[in-house]
Amino acid sequence: MKEDFLHYLWKFQKLDVRNLQTTNQDSLIIHQQGQYLKLAGPDFFNAQISIGNQKWAGNVEIHLKSSDWYLHHHERDAAYENVILHVVWEHDTAVFRQDNTEIPVLELQSYVDKLTLQTYQSLIKPKSWIFCEKDLKNIEGFLLQNWQERLFFERLERKSQFIYDLLAETNNDWEAVLFCLLAKNFGLNTNGDSFLQLAQSIPFSIIRKESFEVENLESLFFGNAGLLDGEKEDNYFKDLKFRYFYLLHKYQLDKATVFPVQFFKHRPDNFPTIRLSQLANLYHLHQNLFSKIQELRIVEDFYQLFQVTTSLYWQNHYQFDKQSPKKNKRLSSSFIDLLIINTIIPLQFAYAKSKGEDVTEQLIYLLSQVEPEKNSVMDKFVFHGIKPLNAFETQALLQLKNEYCAKSKCMDCSIGMELLKTK
């Protein structure tokens with residue numbers, strides 16, 4: 001049993017409240033269970049109860065065992081001095097305030113319906129994937145839809161913190177933040193950190209100045225990624241290397257040290273050479289990119305904006321000195337979808353929040369136009385009866401799996417709460 005289940009019982013008064021008694025056999029009446037704020041200090045604030053003929057107002061603390069009070073050192077914390085009731089599952093020791101007055105105790109196990117307890121135990125019983133996997137298909141659609149919206153924005157809030165950190169590093173330059181985010185997501189999971197380090201190693205003012213020559217951007221990207229190290233007979237390699245050291249000298253830059261980029265286990269179209277060339281061409285074609293994305297509202301406009309390819313050299317190369325059949329390597333729609341999900345949406349959310357604007361409906365509408373993500377987590381949800389229709393739903397389900405299911409936070413989950421009520 002977990003403490004959050006006891007919080008649930010107290011918050012929603014899932015008790016037999018008739019003839020409640022403290023462990024000292026005093027009658028207990030609950031007038032207000034208090035506010036569940038999840039802050040430091042007691043669990044429920046401003047509760048109102050009557051013990052015997054005395055009415056009390058104050059806070060309620062909840063533990064699995066009474067002795068947890070001392071295990072958590074509450075006897076040393078003045079914030080717990082105004083606790084009027086100690087709610088526990090098992091009473092194993094008396095607890096005293098600093099003035100040596102005993103805190104009344106309510107032992108819950110005597111007042112919880114057996115069916116409620118069985119439902120909870122069934123819910124948290126280990127399953128092959130998540131606790132409620134067998135019940136997912138029975139969840140009412142309206143509840144799931146509302147919960148998904150909250151999950152989606154929780155995920156955006158988490159992603160926003162990284163954006164605000166980048167904003168502080170770039171002196172509040174949103175264009176520079178976009179460049180860093182795009183670089184990270186062009187690198188995908190394997191090279192994302194390397195590409196981010198690369199982007200952070202080049203002042204964005206230089207990207208602005210050199211964007212009119214795509215070879216200069218490529219030389220900076222490839223050079224800082226370590227792809228121009230050594231010697232090759234390839235003329236394009238030699239040209240980029242010459243440009244790279246010229247630009248280092250021109251802007252008084254040091255050669256960056258980033259995590260080595262990886263080719264291994266990538267499809268050729270995801271090789272770092274191809275992705276960096278596409279990123280360079282994106283910034284060659286579009287100056288003030290952040291301003292442009294703020295004006296777009298539908299997926300087709302983003303597909304048009306990101307219709308970029310590699311430089312001519314990379315149309316018949318994947319690596320230097322190794323020629324390959326010619327191919328126009330444009331960003332695919334599925335790759336652009338990833339950019340919308342992981343770059344555009346979080347950035348638009350963070351920017352609107354910084355201006356005090358509400359773009360809730362706009363972001364949901366945009367992401368609802370994007371195809372659902374395909375990964376092992378979504379495959380599991382589909383298997384258990386929840387088939388996401390778009391990327392808005394897959395992002396919500398990822399938040400559900402990672403932040404609730406994986407952490408066994410059933411009592412904080414609308415699905416878990418609903419299952420407890422309906423079983």
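Structure shown above.
Residues numbered from 1 in each chain as written. Predicted model: local features only at pLDDT ≥ 70, side-chain atom pairs only at ≥ 80, totals over all residues. Heavy atoms only, no water.

Participant: Give a description of the overall build of the protein chain that names residues and reports values.
Facilitator: A tally of helices and strands in the protein chain yields 17 helices and 9 strands. Taken over the C-alpha trace, the protein chain has a radius of gyration of 29 Å; the compact-globule value for 423 residues is 22 Å, which it surpasses by more than 25%. When the backbone C-alpha atoms are referred to their principal axes, the protein chain occupies close to 90 × 45 × 40 Å. Per-residue burial over the protein chain gives 52% buried out of 423 residues. Sequence separation of at least 24 residues holds for 61% of the intrachain contacts in the protein chain that already meet a minimum separation of 6. Approximately 21000 Å² of the protein chain is accessible, and the part contributed by carbon and sulfur atoms is 49%. Computed over 47 positive and 53 negative side-chain charges, the separation of the two mean positions in the protein chain equals 6 Å. (Helix = DSSP H or I, 4+ residues; strand = E, 2+ residues; numbered from the N terminus. Rg over C-alpha atoms; globule rule 2.2 N^0.38 Å. Buried < 20%, exposed > 50% of the residue type's maximum accessible area, 1.4 Å probe, protein only. Contact = heavy atoms within 4.5 Å. Areas by Shrake-Rupley, 256 points an atom, 1.4 Å probe, with all protein chains shown as cover. Lys, Arg positive; Asp, Glu negative; His and termini not counted. Charge placed at Lys NZ, Arg CZ, Asp CG, Glu CD.)

Participant: Please set out the state of the cysteines residue by residue, giving values where relevant.
Facilitator: What the rule picks out here adds up to 0 disulfides. With no disulfide partner, Cys132 has as its closest neighbouring cysteine sulfur the one in Cys405, 5.6 Å distant. Judged by relative accessible area, which is 10%, Cys132 ranks as buried. (Disulfide = S-S within 2.5 Å.)

Participant: Please give an account of the environment of Asp99 that cites residues and values.
Facilitator: One can find Asp99 in the loop between strand S6 (83–90) and strand S7 (105–107). When the C-alpha atoms of Asp99 and Leu285 are compared, they prove to be 73 Å apart, with 186 residues separating the residues in sequence. Looking at Asp99, its side chain comes within polar contact range of the side chain of Thr101, at 2.6 Å. (Polar contact = N/O pair within 3.5 Å; in protein donor to acceptor, adjacent residues only side chain to side chain.)

Participant: I'd like a rundown of the pairing of strand S4 (residues 44–51), residues and numbers included.
Facilitator: Of all 8 residues in S4, 6 are buried; the element is thus mostly enclosed. Bridge analysis of strand S2 (residues 27–32) against S4 gives 4 bridges, and the strand direction is antiparallel. Paired with Gln32 across the strands is Gln48, a residue of S4. As paired strands, strand S3 (residues 35–36) and S4 are joined by 2 bridges and run antiparallel to one another. Note on S4: the bridge partner recorded for Tyr36 is Phe44. In this sheet, strand S5 (residues 54–65) lies alongside S4 in antiparallel orientation, the contact comprising 6 bridges. For Ile51, the partnering residue across the bridge sits in S5 and is Gln54. (Pairing = 2+ DSSP bridges.)

Participant: Go over the nonpolar core, please, and point to the residues and values.
Facilitator: Counting residues in each nonpolar core, the largest one holds 133 residues, and the members touching the most others are Phe221, Tyr283 and Ile415. Considering each element in turn, this core owes the most residues, 12 residues, to helix H13 (residues 333–354). For Ile415, the contacting residues outside a window of four places in its chain are Cys132, Leu136, Ile139, Leu143, Leu144, Trp147 and Leu400. Grouped together as the second largest cluster of nonpolar side chains are 5 residues, Trp69, Tyr80, Val95 and Ile103 included. (Core = buried A, V, L, I, M, F, W, Y, C linked by side-chain atoms within 4.5 Å.)

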